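# Residue-level structural notes
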Amino acid sequence: MLNFIQIISDFAIPFILLAIPAYGFIKKVKVYEAFTDGAKEGFQTAVRIIPYLVAMLVSIGVFRASGAMDGLTSLLSPVTGLIGMPAETVPMAIMRPLSGGGATGVMTDLITTHGADSLIGRMSSIMMGSTETTFYVLAVYFGAVSIKKTRHALPAGLIADAVGIITAVIIARLMF
Amino acid sequence: MINIIWFLMIAVGVIFGAINGNITAITDAAISSAELAVEISIGLIGVMALWLGIMKIAEKSGLIQLLSRALKIIMVKLFPDVPPEHPAMGAIIMNMAANVLGLGNAATPLGLKAMNELQTLNPTEDTATDAMVTFLAINTSSVTLIPASVIAIRASAGSANPAEIIGPTIIATAASTVAAVITVKLLQRLPRFQMDIENENIK
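Going along each chain's sequence as written, the residues are numbered from 1 onward. Here chains are named by letter from A upward and ligands by number from 1 upward, in the order in which they appear as written. This being a predicted model, a pLDDT of at least 70 is required before a residue's local features are given, and a value of 80 or more before pairs of side-chain atoms are given or counted; all residues contribute to the totals for chains, interfaces and linings. Neither water nor hydrogens contribute to the side-chain values; these are computed over all heavy atoms in the structure.

## What to know about the overall build of chain B
A run of H or I in DSSP counts as a helix once it spans at least four residues, and a run of E counts as a strand once it spans at least two, with each numbered from the N terminus. Counting secondary structure elements, chain B contains 9 helices and 0 strands. If you list the helices and strands of chain B from N to C, you get α-α-α-α-α-α-α-α-α. Once the C-alpha set of chain B is aligned to its principal axes, its extents read approximately 60 × 55 × 35 Å. Only protein chains enter the accessibility calculation, which uses a 1.4 Å probe. A residue is then buried if its area is under 20% of the maximum for its type, exposed if over 50%, and partly exposed in between. Taken over 203 residues, chain B has a buried fraction of 51%. For chain B, contacts bridging at least 24 residues in sequence account for 60% of all contacts bridging at least 6. Where accessible areas are quoted, they stem from the Shrake-Rupley method and a 1.4 Å probe; at the residue level, only the protein chains shown are allowed to cover. Only carbon and sulfur atoms are counted for the fraction: they give 67% of the accessible area of chain B, which is about 9100 Å². Asp and Glu count as negative and Lys and Arg as positive, but His and the ends of the chain are not part of the count. For charged residues, the charge sits on one atom: NZ in Lys, CZ in Arg, CG in Asp, CD in Glu. The positive charge centre, built from 11 side chains, and the negative charge centre, built from 14, are 12 Å apart in chain B. Every residue pair with non-hydrogen atoms within 4.5 Å of one another is taken to be in contact.

Put into structure tokens, the structure is as follows:
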């Protein structure tokens, strides 16, 4: 199983790199010209994201460095305990929408402390894959087209995160 | 909403940092995060160019239109405001495909391409459309089938079966994606989230 997954991951990108130009070639597309034409947009898009990403990462960075996470964890753990969520995994739930790297760090720490095959280890692994880094995605994607009024995007993203995290807790409790 | 949360994270951070005696850590975090943001953005240029180039070939060869047609029924339901043959549909599909396969590097450029295409349909300059919010809600709830990095970390921590979390993860991510779509469709009807065309900067 693990080998099979590894093989798929290893081949996915080389396969796409070959398949799409090959299809274009058969369809008589000038593949080299089309490629450079598309690639031109890469620079502008990347640069346009900068202000949005700076704003978002600074506020998340300040929040993380302050130690406010511990306060929030002790504030939330009586509530999260009601749905069978161990207090140790609360920082994981808070971190997941804020920072992908941060959440990976918390998960790695929980796995090494409690064991990969413990309930906490498994639960945090499922939480990691259950949702995305909402704040990062919104900053980058809206930033790329200079959207400032995001309407219901953040509430919807956070509700989806909450559902993903709660489902992760329930599934881990049921299956393991 | 985003204004409140952004401000709260900074305010709570600075106040907590001062109380905890972490105030220099706040300064360091602010500066290093700002630097990191630029590093990430600049680092994106190469991969962006690569995938946007490949995407252009897929577009010119008709591959994307082929994909769009195959998934038309679902896409039209999810994005009723986007014409079925619009290039935005193709870009959205490519982004989702990359996400499902766990190709994060490819997913971001394709997603940004989709946002650019959706922006061409936007009557305003700086306000998100329903289609954009729906697209991002699906994106932020993640549809990854194989969480490769989680499996790798579990394997290196000596798990007896590192991949056992694939099934539960698919269930959890499916639940969050369904919740995202339902929430978006409900919230977009609320008066406070309406697009107030009259007061927007029309292009």
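## Some words on the overall build of chain A
Across its full length, chain A holds 9 helices and 0 strands. Written out in order from the N terminus, the α and β elements of chain A read α-α-α-α-α-α-α-α-α. For chain A, the C-alpha radius of gyration of 21 Å lies well beyond 16 Å, the compact-globule estimate for 176 residues. Here chain A holds 176 residues, and 53% of them are scored as buried. Across chain A, the fraction of contacts at a sequence separation of at least 24, relative to all contacts at a separation of at least 6, is 64%. Just so you have it, chain A exposes about 7700 Å², and 70% of that area is on carbon and sulfur atoms. Both definitions apply: the radius of gyration is a C-alpha atom measure, and the globule rule equals 2.2 Å times residues to the power 0.38.

## A look at the nonpolar core
Each nonpolar core is a collection of buried residues, namely Ala, Val, Leu, Ile, Met, Phe, Trp, Tyr and Cys, held together in the definition by side-chain atoms within 4.5 Å. Among the nonpolar cores identified, the biggest contains 104 residues, and Phe142 of chain A together with Phe79, Met115, Leu118 and Phe135 of chain B are the most heavily contacted of them. In terms of residue count, helix 2 (residues 23-60) of chain B provides more of this core than any other element does, 10 residues in total. Apart from the residues within four sequence positions on either side, phenylalanine 142 of chain A is in contact with Val137, Ile147, Thr150 and Ala153 of chain A together with Met115, Ala128, Met132 and Leu136 of chain B.

## Concerning helix 3 (residues 41-65) of chain A
Helix length check: helix 3 of chain A (25 residues) gives 36 Å between terminal C-alpha atoms against 36 Å at 1.5 Å per residue, within 8%. We define the bend at each residue as the angle formed by axes fitted to the 7 residues ending at it and the 7 residues starting at it. Roughly 35° is the biggest bend found in helix 3 of chain A, and it falls at isoleucine 50 of chain A, with proline proline 51 of chain A one to four residues downstream. Take the residue count of a helix, subtract one, and multiply by 1.5 Å to get its expected span.

## Considering the interface of chain B and chain A
Counting from both sides, the interface comprises 99 residues of chain B and, opposite them, 92 residues of chain A. Considering only the side of chain B, the residues that lose the most area to chain A are Met9, Ile57 and Thr140 of chain B, jointly responsible for 9% of the buried surface there. What counts as a salt bridge is simple: a side-chain nitrogen of Lys or Arg found within 4 Å of a carboxyl oxygen of Asp or Glu. Run the count over chain B and chain A and you get 5 salt bridges. For arginine 154 of chain B, the salt bridge goes to aspartate 117 of chain A, with nearest N and O atoms at 3.5 Å. Two N or O atoms form a polar contact when they lie within 3.5 Å of each other; inside protein one atom must be a possible hydrogen donor and the other a possible acceptor, and for residues adjacent in sequence the pair counts only when both atoms belong to side chains. At the boundary of chain B with chain A, the tally comes to 20 residue pairs in polar contact (both at pLDDT 80 or more). The term buried area refers to how much accessible surface (probe radius 1.4 Å) is lost by two components on association, counted for both of them together.

## A word on the packing of aromatic side chains
Aromatic pairs are defined between Phe, Tyr and Trp rings, using the six-membered ring for Trp, whenever the two ring centres lie within 6.5 Å; interplanar angles under 30 degrees are classed as stacked, those over 60 as edge-to-face, and all others as tilted. Under the criterion given, the structure shown has 1 aromatic pair over all chains. With centroids separated by 6.1 Å and ring planes inclined at 40°, the aromatic side chains of tyrosine 141 of chain A and phenylalanine 135 of chain B adopt a geometry described as tilted. Placement of tyrosine 141 of chain A in helix 8 (residues 134-144) and of phenylalanine 135 of chain B in helix 7 (residues 130-140) is noted, with the two residues assigned to different chains. The two residues tyrosine 141 of chain A and phenylalanine 135 of chain B agree in class, both being buried.

## A word on the side chain of serine 33 of chain B
Tracing the backbone shows serine 33 of chain B in helix 2. At 3.4 Å, the side chain of serine 33 of chain B and the backbone oxygen of leucine 57 of chain A are in polar contact. For serine 33 of chain B, the residues in contact, after removing those within four places along its chain, are Leu57, Val58 and Gly61 of chain A.

## Description of the domain arrangement of chain B
Each domain's extent is set by a domain assignment, obtained either automatically or from a database. One can read the domain layout of chain B as domain 1 (1-45) and domain 2 (62-199). On a C-alpha basis, the centroid separation for the pair domain 1 of chain B and domain 2 of chain B is 27 Å.

## Quick word on the domain arrangement of chain A
According to the domain assignment, chain A contains domain 1 (1-39) and domain 2 (41-175). For domain 1 of chain A and domain 2 of chain A, the distance between their C-alpha centroids amounts to 32 Å.

## Things to note about the packing of helix 6 (residues 100-114) of chain A against helix 8 (residues 148-156) of chain B
When two helices pack together, their arrangement is captured by the angle between the axes and the distance separating the axes. Viewed as axis vectors pointing N to C, helix 6 of chain A and helix 8 of chain B meet at an angle of 30°, and their least axial separation amounts to 10 Å. It follows that helix 6 of chain A is roughly parallel to helix 8 of chain B by the angle criterion. Considering how the two elements wind past one another, helix 6 of chain A and helix 8 of chain B form a crossing that is right-handed. From helix 6 of chain A, Thr104, Met107, Thr108 and Ile111 of chain A reach across to helix 8 of chain B, where they touch Val150, Ile153 and Arg154 of chain B. Partitioning the contact of helix 6 of chain A with helix 8 of chain B into residue classes produces 4 nonpolar, 2 polar and 1 charged. Angles run from 0 to 180 degrees between N-to-C directions of axes, and those axes are lines fitted to C-alpha atoms, restricted for helices to the stretch in contact. These descriptions rest on fixed angle ranges, namely under 35 degrees for roughly parallel, over 145 for roughly antiparallel, 65 to 115 for roughly perpendicular, and the rest for oblique. Crossing handedness is defined as follows: a turn of the near helix away from the far one that is anticlockwise and smaller than a right angle gives a left-handed crossing, while the clockwise case is right-handed. The nonpolar class holds Ala, Val, Leu, Ile, Met, Phe, Trp, Tyr, Cys and Pro. Asp, Glu, Lys and Arg form the charged class, and all remaining residues, Gly among them, are polar.

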